[in-house]
Structure formats: C-alpha cells, structure tokens
There are 2 protein chains.
Amino acid sequence: MAARPIDFYFDFSSPYAYIASEWIEALAARHGRTVSWRAILLGATFSTTELRTNVSYPLKREYVMVDFERSARFAGVPLTLPQPFPVSTQNAARVFWCLSDSDEARGRQWARHCLRAYFTRGVDLSDNQALAGLGSEFGLEDGQTEAIASNPVWKARLKGVNDAAVAAGVFGVPFFVVDGEPFWGNDRRAQIERWLDKGPF
Amino acid sequence: MAARPIDFYFDFSSPYAYIASEWIEALAARHGRTVSWRAILLGATFSTTELRTNVSYPLKREYVMVDFERSARFAGVPLTLPQPFPVSTQNAARVFWCLSDSDEARGRQWARHCLRAYFTRGVDLSDNQALAGLGSEFGLEDGQTEAIASNPVWKARLKGVNDAAVAAGVFGVPFFVVDGEPFWGNDRRAQIERWLDKGPF
C-alpha cells in the first residue's frame with residue numbers, strides 16, 4: 001500500500017506558509033511521500049475560530065516582522081517582505097483550485113509561482129491586473145484568471161475547502177496532517193521529519 | 001568582555017516554557033553564556049496586548065493539547081499535562097523574585113523545582129497549601145511562601161517585571177532575548193543555537 005500523502009494547508013499571504021512551501025516537497029520526496037496542497041483563506045478560518053492574524057497585535061507584529069525574514073534566512077529561502085502585507089488572496093486561491101482539480105501538479109506549480117512572486121518580487125496578489133500578469137507568465141489564456149476568480153463554481157469550491165479545513169481542525173497556516181497527526185507551523189519541520197523518519201513519537 | 005546573559009522569560013503555567021527551561025541552561029553553557037531567568041505572568045501581558053492564551057480557542061486548544069506532549073517527547077523532557085490547567089502562578093512567581101533578588105541561582109532552582117512539580121507531578125501551584133509543601137521540600141521555612149506571596153514588596157516587584165517585559169516587546173512565553181535579538185517560543189531553539197554558534201544571521 002502506498003504511503004499516505006501529506007496534507008499541506010497554506011494561504012497565499014502567509015510568509016511562514018511560503019517558507020514551508022519551499023521545503024515540504026523535498027522533505028516528502030526523501031521519505032517516499034507526496035504532498036496534497038490545499039489553498040485556504042486564513043481570514044475565513046479566523047472568523048470561525050475567533051483567532052486573528054499575528055500582525056493585528058502591535059507587539060506580536062513587531063516581533064513577527066523580524067521573525068519572518070530571520071526564519072526565511074534560517075531555512076535558506078529568499079524572502080523580501082512585500083508591501084502591501086497581508087493581502088486578500090481569494091482570487092489566487094480560486095485559480096489554484098481550478099487548476100489543481102484537473103491537474104494537481106499544475107495547481108502546485110501555480111501556488112509556487114504566486115508565492116514566489118509575492119514574497120520575492122512583491123507582486124500584489126490582490127490586484128486583478130497583477131494576477132492576470134502572473135497568469136500570462138504561467139501560460140494561462142488572456143482573461144482566464146479573472147474568469148476563474150469570478151466564477152461561482154470556484155468561489156463555492158474554495159468556500160467548501162475552507163469549511164472542511166476548519167472541520168478538520170485547521171486554525172492557522174502552514175498546517176500539515178501526516179498520517180492523521182496535525183502539525184502547525186513552519187517551525188514543526190523537525191518534528192515532521194522525525195515522524196517521517198521513525199514514525200509516531 | 002564577558003558575553004551577555006540570555007534573558008529567559010517564562011510563566012510557571014506554560015508547558016512550552018517548562019520544556020524550554022529544561023534545555024536553555026545546557027545550551028547557554030555550551031556557548032559560554034549564562035541565563036537570566038525572568039518569571040512573568042502571561043495573563044498580565046495578555047491584558048495589555050489583547051492576546052489570549054492558546055487554550056482559550058477551542059480548535060487551537062485541541063491542537064496544543066497534542067503538541068505540548070509531543071513537543072516534550074521531541075525534546076526528551078518528561079511532561080504529564082496537569083489538571084487543573086492552566087493555573088494562576090503569581091504566588092510561585094513572587095517567591096521566585098524574592099529568592100532570585102538575593103541569589104539568582106537559588107531563584108532558578110526554585111523555578112525548576114516548581115515547573116517540574118507542576119508538569120511532572122501535577123502539583124497545583126495556585127494552591128497555597130501545595131505551594132507551601134513545595135517550599136518545605138525546597139528548604140524554606142514554614143509559612144515563608146505565604147508570607148512572600150502576600151507581601152506588597154513582592155507583589156510590586158512582579159508587577160514591575162511584567163510591565164518591563166511588555167515594554168521590552170515580550171508578548172508570550174518562553175521568550176528569549178539574545179544580544180538584543182528576540183526569539184519567541186520553545187520552537188526557536190534551533191535558531192537560538194545557530195545564533196550562539198555563528199552569530200547574527
């Protein structure tokens with residue numbers, strides 16, 4: 001029986017999820033695992049869970065603005081904090097689900113394309129024109145990103161994924177589920193690695 | 001010039017701070033550093049920062065109850081989640097500051113004595129009689145823990161420490177300051193180690 005995929009929940013506006021997106025595939029591959037990428041909207045899960053983003057608290061914001069970049073350097077991942085930050089990412093996420101539902105690899109490539117664009121080049125994912133530009137770079141047809149983003153099918157798909165994520169216990173990103181075990185945060189990398197190496201601990 | 005001590009902020013009721021309390025001294029010693037232990041009341045910093053404890057959010061609570069014990073096993077630290085949890089820790093903290101102000105090592109020993117009692121034996125630190133029992137085990141005189149805990153001097157001292165912690169940017173525990181650089185969380189251990197090994201990154 002094939003080993004179960006690792007569920008990887010991310011939001012396109014989360015620096016910690018971006019950092020994790022740069023190491024999860026290689027880590028999984030070293031252990032014969034695949035990764036099931038799941039774009040969600042952290043803001044939507046927050047409204048259900050009453051949680052708020054790190055950057056909504058002044059002291060915590062001050063800290064994480066240091067820690068985002070330091071954690072990226074620690075992981076060897078290029079990151080330049082974008083402005084504006086954070087941004088709304090529902091359109092990028094809807095395009096992700098549209099692509100992923102017909103070809104998971106293509107969805108994953110779109111995710112990495114957008115995450116890198118936002119976190120290394122500051123491309124504003126909430127801007128329709130900027131997102132269309134990323135679509136062109138990615139080989140999508142003219143107008144395709146806007147058509148997907150405004151299509152009720154993909155709005156409903158994203159909402160369904162969000163609701164399922166909260167139902168599965170997801171309250172932040174990056175969030176991983178490995179063999180049913182939940183791991184929250186880019187900083188759970190070492191624990192995930194130990195789990196994959198030696199099993200439950 | 002001697003290397004600067006590592007500031008280590010903890011709350012007697014935080015499992016992550018307890019886990020960190022078990023590794024910070026050895027890590028510091030390997031790099032020729034000392035540790036300045038600082039008991040604070042997380043609840044008091046929360047009221048200033050509008051943050052709330054992990055366990056006040058149902059989904060997050062469910063996760064951290066798994067993660068507390070898993071993170072302890074990952075660090076090789078014995079931990080049995082106590083009941084009740086969390087508890088009020090102002091009395092243990094006032095005794096800490098009274099002891100620490102005349103002898104830092106003795107304060108640190110008291111901190112480790114109480115943290116281990118709560119997190120391995122379930123001794124309720126909010127219970128005056130239980131705290132008096134820990135005082136006896138520690139060699140304090142009869143009635144000394146209660147006398148310190150109700151003394152306005154140590155109440156004021158702890159309040160001052162809390163205010164200074166928030167002013168220094170502390171919003172959670174464990175919180176470390178190494179050469180002016182802030183690190184929040186038991187899971188920043190690897191980053192602290194790298195900082196001590198090779199300097200700023």
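This text gives an overview of the structure that appears in the document. Bear in mind the structure is a predicted one, so any value in this text is a computation, not a measurement.

### A word on the sheet that holds strand β3 (residues 175-178) of chain B
Link 1 in the chain: The sheet built from four strands is open, its strands ordered β2-β1-β3-β4 (chain B) with mixed pairing. Edge positions in the open sheet fall to β2 (35-39) and β4 (181-184) of chain B, since each of these has one partner strand only. Between one strand and the next, the sheet's axes are offset by a mean angle of 20°, whatever the strand orientation.
Link 2 in the chain: Sitting on the sheet, helix α4 (residues 58-75) of chain A is in contact with β3 and β4 of chain B, with an inclination near 95° to β4(B).
Link 3 in the chain: Contacts between helix α5 (residues 90-102) of chain B and the sheet are confined to β1 (6-10) and β2 of chain B, with β2(B) contributing the most and set at about 140° to the helix.

### So, the interface of chain B and chain A
Link 1 in the chain: In this complex, chain B contributes 30 residues to the contact, which on the side of chain A involves 30 residues.
Link 2 in the chain: Counting the surface lost from both chain B and chain A, the interface buries some 3,000 Å², and carbon and sulfur atoms represent 59% of this.
Link 3 in the chain: At the surface where chain B touches chain A, the tally comes to six salt bridges.
Link 4 in the chain: Run the count over chain B and chain A and you get 16 residue pairs in polar contact (both at pLDDT 80 or more).
Link 5 in the chain: Elements that contribute at least two residues to the side of chain B that touches chain A include exactly α4 (58-75), β4 and α10 (189-198) of chain B.
Link 6 in the chain: Ranked by residue count, the leading element in the side of chain B that touches chain A is α4(B), at nine residues.
Link 7 in the chain: Grouping the constituent residues of the side of chain B that touches chain A by class yields 16 nonpolar, four polar and ten charged.

### What about the relation of the copies chain B and chain A?
Link 1 in the chain: Between chain B and chain A, the superposition needs a rotation of 180° and an axial shift of 0.0 Å, giving an RMSD of 0.0 Å. The relationship between the two copies is best expressed as a two-fold rotation axis. Considering only C-alpha atoms, the residue of chain B closest to the rotation axis is B:D187, which sits at 3.1 Å.
Link 2 in the chain: When the interface residues of chain B are mapped onto chain A, 100% of them again fall at the interface, so both copies present the same face.

### Notes on the packing of helix α5 (residues 90-102) of chain A against helix α9 (residues 152-167) of chain A
Residues and elements named next belong to chain A.
Link 1 in the chain: Following both chains from N to C, one finds α5 and α9 inclined at 95°, their axes separated by 9 Å at the closest point. Taken together, α5 and α9 sit at an angle that is classed as roughly perpendicular. Of the residues in α9, those in contact with Q90, A93, R94, W97, C98 and D101 of α5 are W154, K155, R157, L158 and V161.
Link 2 in the chain: When its residues are assigned to classes, the contact of α5 with α9 shows six nonpolar, one polar and four charged.

Rules used in this analysis
- All residue numbers refer to position in the chain's written sequence, counted from 1.
- Following the order in which they are written, the chains are lettered starting with A and the ligands numbered starting with 1.
- Under the rules for a predicted model, residues below a pLDDT of 70 receive no local features and side-chain atom pairs below 80 are neither given nor counted, while totals for whole chains, interfaces and linings still include all residues.
- Side-chain figures throughout are based on the complete set of non-hydrogen atoms in the structure, without hydrogens or water.
- Whether two strands pair depends on DSSP finding at least two bridges between them.
- Runs of H or I in DSSP of at least four residues are treated as helices and runs of E of at least two as strands, each being numbered from the N terminus.
- Axis definition: a line fitted to C-alpha atoms, limited for helices to the stretch in contact. Angles are taken between N-to-C directions and run from 0 to 180 degrees.
- The contact criterion used is simple: two residues touch if any of their non-hydrogen atoms lie within 4.5 Å.
- Accessible area, probed at 1.4 Å, shrinks when two parts are joined; the buried area is that loss added up over both.
- By salt bridge we mean one thing: a side-chain nitrogen of Lys or Arg within 4 Å of a carboxyl oxygen of Asp or Glu.
- Polar contacts, as used here, are pairs of N or O atoms within 3.5 Å; protein pairs need one atom able to donate a hydrogen and one able to accept it. Residues neighboring in sequence count only if both atoms are side-chain atoms.
- Side-chain classes are defined by residue name, with Ala, Val, Leu, Ile, Met, Phe, Trp, Tyr, Cys and Pro counting as nonpolar, Asp, Glu, Lys and Arg as charged, and the others, Gly among them, as polar.
- Fitting of the copies onto one another was done by least squares over C-alpha atoms, counting residues only where both copies have pLDDT of at least 70.
- We call two directions roughly parallel when the angle between them is under 35 degrees, roughly antiparallel when it is over 145, roughly perpendicular when it lies between 65 and 115, and oblique otherwise.

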